[in-house]
Amino acid sequence: MANVIILSCSASIYGLSRYAGAYRVATSLREAGYSVQVIDFFETWAIDNLIKALKRYVDKDTYWIGFSSTFFPNRTSYEYVKVDQRPYPQSMESMNRLFKEIKDINSNVKFVYGGAYSHHFRDLRNIDFYLIGYSDTLAVKLTEFIRGKVDKLPFDKVKDSHALSLDWKTIPNDNAHNLPIIWHKEDKIFRKEALPIEISRGCIFNCKFCAFMLKNKRKGDYVKNADLIRDEMIRNYETFGTTNYFFTDDTHNDDPEKLAYLFSVYETLPFKLNFSSYLRLDLLNAHRHTIDILHASGLIGPLFGLETLNHENGKLIGKGMHPQKAIDFLWHLKDRWKTSVNLHGCFILGLPHDTKEYLKYFEEWILSKDNPLDGFNVQPLRIRYDPANRYLSSSDFDIRPRDYGYTPLADGSWVNKHTSFQEVGEAVRRVKELSFSKGKTKITGFSTMSVYNIGVSKNDMLNFSELAILAMYDISNLRSRFVRAYQNAILNS
Ligand code: SF4
């Protein structure tokens, strides 16, 4: 039985991996004395089994069931051509059954919706509370409120609903970056599983398209204490044999001194670390000594937010490194790191200066031999235009799309003078299909860790193409095996 149950989704499409948010909240609640059960991989459960699992943990002492929604919905690449606003990875029909069956056991159970985009879903019929933004502290306060231990919290009433929402900015916790994730035996962590870890929170930049919460921080702010990082890694190594990590930092290399200081911590570990993380290419170029520091630290899966090959856009959005300079530097990295690191680039199509000609040029370049990247992710620009929403964890494009030439449409898509959301969605779909069928890409970015979790060896993913890996490994079967083992552990605990 549990006081709080949190449903969370895998943070990856290829393999399987846990999302840090649910477990960070669970750690805070457990430290406050509450029992918490996370039920993960929400998207993989058959609804009957999920309800069965929930029933194992719901009783009269259950206060709330939460949805950690950052990675809902679990879109596939082919769905990018339409705007997808599903609030849950299961159908509404299944969810309505779930809500009803839980209420039949304990009619006082509250339903809580959190996650990075929860403020865009504040019209869900069965939800009682929304947690907006970082929820470490909010979840503990909310539990006290539900229990009647505190009378009042700075709630906001949700329009046309009985629900209340609670914004992290109203209950700040300036030390939240110094809180570890303490994995619990009930989390059913597998032996040697790659896990997420927070090294720091926030980002010193303020890119126009970026909706992350702690943008524009000062250099050095919100970096976790070295002893805490070391303790967390040693504990995970001793308990689960974990040596591989997803660093959840928004920009891991935002400070060269931080990287040197972290390397001195990693050198004291009793194992060789490997990790994947977001990096800024321009900073790596500006501080070239960090190329070796990151490599020696154990980097194997960097994700570079390159965003565009259109310099006008780059300057506009806050990624001003000239595209040719970026490409040349990526070739330099490829030469330095050879096959010990898989380079991954993230791109957005549909930025304000993206013409039809640019879309064509991009498609040709990304599939050409001039592209040094081992893998890439291309997304259509999303504009979450929501003028009634006062919450600020939105991008500049979300807040004032018309100033950038976009007309937001009622279905969540947009048009501008050059193109439309649908047109760039089609371009994205084409690029993904062609790059895959040409066998050009490798497994890169956070997928290096999530496919490791289902059994793909590091050596193979660094040396073989994605197509070769698919020929060597039965990925779908490996995923099913992982899911089955996890669900059985939850159902039989
Ligand atoms: S896009 Fe990356 S670099 Fe820019 S503000 Fe967001 S996290 Fe920072």
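In this text, all values refer to a predicted model and were calculated from it rather than measured experimentally. (Residues numbered from 1 in each chain as written. Predicted model: local features only at pLDDT ≥ 70, side-chain atom pairs only at ≥ 80, totals over all residues. Heavy atoms only, no water.)

The number of helices and strands found in the chain is 17 helices and 15 strands. Computed over C-alpha atoms, the radius of gyration of the chain comes to 22 Å, within 12% of the 23 Å expected from 2.2 N^0.38 for 493 residues, which places it in the range of a compact globule. When its C-alpha atoms are laid out on the principal axes, the chain stretches across 60 × 55 × 45 Å. Relative to its 493 residues, the chain shows a buried fraction of 58%. Contacts in the chain between residues far apart in sequence, at least 24 positions, make up 75% of those at least 6 positions apart. If you sum the accessible surface of the chain, you get close to 20,300 Å²; carbon and sulfur atoms cover 51% of it. If you average the places of the 65 positive and of the 58 negative side-chain charges in the chain, the two averages end up 1 Å apart. (Helix = DSSP H or I, 4+ residues; strand = E, 2+ residues; numbered from the N terminus. Rg over C-alpha atoms; globule rule 2.2 N^0.38 Å. Buried < 20%, exposed > 50% of the residue type's maximum accessible area, 1.4 Å probe, protein only. Contact = heavy atoms within 4.5 Å. Areas by Shrake-Rupley, 256 points an atom, 1.4 Å probe, with all protein chains shown as cover. Lys, Arg positive; Asp, Glu negative; His and termini not counted. Charge placed at Lys NZ, Arg CZ, Asp CG, Glu CD.)

In this structure, Met233, Leu333 and Phe347 are the most contacted members of the largest nonpolar core, which totals 89 residues. For Phe347, the contacting residues outside a window of four places in its chain are Leu306, Glu307, Thr308, Leu309, Phe362, Trp365, Ile366, Leu373, Phe376, Asn377, Val378 and Gln379. One finds Phe42, Leu98, Phe121 and Leu478 within the second-largest nonpolar core, a separate group that totals 49 residues. (Core = buried A, V, L, I, M, F, W, Y, C linked by side-chain atoms within 4.5 Å.)

Before going further, it helps to examine helix α3 (residues 92–105). In a regular helix each residue adds 1.5 Å, so 14 residues correspond to 20 Å; α3 covers 20 Å between its end C-alpha atoms and thus fits that length. Three or more residues of α3 are buried, namely Ser94, Met95, Leu98, Phe99 and Ile102. In a view along the axis of α3, the buried residues occupy a sector of 140°, so they form one face of it. What points out from α3, more than 90 degrees from its buried face, is the exposed set Glu93, Lys100 and Asp104. Among the structural elements, α2 (47–57), β3 (64–68) and β4 (110–114) are those in contact with the buried residues of α3. (Expected span 1.5 Å × (residues − 1). Arc of directions from axis to C-beta.)

Around the ligand, a shell composed of Cys203, Phe205, Asn206, Cys207, Phe209, Cys210, Phe212, Lys215, Asp250, Thr251, Arg280 and Lys319 is seen. Residues of the shell around the ligand, tallied by class, amount to 6 nonpolar, 2 polar and 4 charged. (Near = heavy atom within 4 Å. Nonpolar A, V, L, I, M, F, W, Y, C, P; charged D, E, K, R; others polar.)

Across all of its chains, the model carries 35 aromatic pairs by this definition. Ring geometry for Phe72 against Tyr113: centres 6.5 Å apart, planes inclined by 75°, an arrangement best described as edge-to-face. Placement of the pair is Phe72 in the loop between β3 and α3 and Tyr113 in strand β4, with a sequence separation of 41 residues. For Phe72, a relative accessible area of 5% puts it in the buried group. You can call Tyr113 buried: its relative accessible area is 0%. Counting every residue linked through ring pairs, the aromatic cluster contains Phe42, Phe67, Phe72, Tyr88, Phe99, Phe111, Tyr113, Phe121 and Tyr130. The positively charged end of Arg201 is found above the aromatic ring belonging to Tyr134, 4.4 Å away from the centroid. The ring of Tyr117 has Arg384 lying over it, and the distance from NZ or CZ to the ring centre is 4.3 Å. (Phe/Tyr/Trp six-rings, centres within 6.5 Å; stacked < 30°, edge-to-face > 60°. Lys NZ or Arg CZ within 6 Å of the ring centre and 35° of its normal.)

The strands that make up a sheet pair up through hydrogen bonds in the backbone, lying either parallel or antiparallel. Strand order in the open sheet formed by 6 strands is β8-β9-β10-β11-β12-β13, with parallel pairing between adjacent strands. Across the chains shown, the open sheet's two edge strands, defined by having one partner strand only, are β8 (195–197) and β13 (375–380). Mean inter-strand twist for the sheet, computed between neighbouring axes without regard to direction, equals 20°. In the sheet, β8 pairs with strand β9 (residues 244–247) via 3 bridges, with the strands oriented parallel. In the strand pairing of β9, Pro196 is matched with Phe246. (Pairing = 2+ DSSP bridges. Axes fitted to C-alpha atoms, helices over the stretch in contact; angles between N-to-C directions.)

Glancing now at the side chain of Ser8. Locating Ser8 in the fold gives a position in strand β1 (residues 4–8). Taking the relative accessible area as the measure of exposure, Ser8 reaches 0% and is therefore buried. Apart from the residues lying within four places of it in its own chain, the contact partners of Ser8 are Tyr19, Ala22, Val38, Ile39, Asp40, Phe41, Phe42, Ser68 and Phe72.

Here we come to the pattern of salt bridges. Should the charged atoms of two oppositely charged side chains come close, the side chains can pair. Taken as a whole, this structure holds 28 salt bridges when the rule is applied. A salt bridge links Arg280 to Asp282; the nearest nitrogen and oxygen atoms lie 2.7 Å apart. Between Glu312 and Lys315 there is a salt bridge; the shortest N-O distance is 3.2 Å. One end of the pair is Glu312 and the other is Lys315, both in helix α9 (residues 311–317) and 3 residues apart, which spans about a single turn. Overlapping salt bridges bring together Arg24, Asp136, Glu198 and Arg201 as one network. (Salt bridge = Lys/Arg side-chain N within 4 Å of Asp/Glu carboxyl O.)

One full turn of an α-helix is made of 3.6 residues, so residues set three or four places apart face in the same direction. Relative to the 24 Å expected for 17 residues at 1.5 Å per residue, helix α13 (residues 421–437) spans 24 Å between its end C-alpha atoms, a close match to the ideal helical length. Next to the buried residues of α13 lie β12 (344–349), α11 (356–366), β13 and β15 (414–415). Within two residues after α13, Gly439 carries a phi angle of roughly 70°, on the positive side.

For the rest of this paragraph, the subject is the sheet that holds strand β6 (residues 156–157). Spatial ordering of the open sheet is given by β2-β1-β3-β4-β5-β7-β6, a layout of 7 strands whose pairing is mixed. Both outer strands of the open sheet, β2 (36–39) and β6, are each paired with one neighbouring strand and no more. Strand direction decides the pairing type here: β1 and β2, joined by 4 bridges, are parallel. Counted as the bridge partner of Leu7 is Ile39 from β2. Along the sheet, helix α1 (residues 20–31) makes contact with β1, β2 and β3, crossing β2 at roughly 170°. Sitting on the sheet, α2 touches β1, β2 and β3, and the angle it makes with β2 is about 170°.

It is worth spelling out a nonpolar patch on the surface at this point. Taken together, the side chains of Phe436, Leu467 and Leu470 present a nonpolar region at the surface, about 210 Å² in accessible area. For Leu470, the position within the fold is in helix α16 (residues 466–472). (Patch = residues over 30% accessible without salt bridge, like charges linked within 9 Å, V, L, I, M, F, W, Y side chains within 5 Å.)

Here the focus is the side chain of Asp374. Along the chain, Asp374 turns up in the loop between α11 and β13. By relative accessible area, which is 7% here, Asp374 ends up buried. A polar atom in the side chain of Asp374 sits 2.8 Å from the side chain of Lys334. Side-chain polar atoms of Asp374 contact the backbone nitrogen of Leu343, separated by 2.7 Å. Once residues lying within four places of it in the same chain are set aside, the contact partners of Asp374 are Lys334, Val341, Asn342, Leu343, Lys440, Thr441, Lys442 and Thr444. (Polar contact = N/O pair within 3.5 Å; in protein donor to acceptor, adjacent residues only side chain to side chain.)

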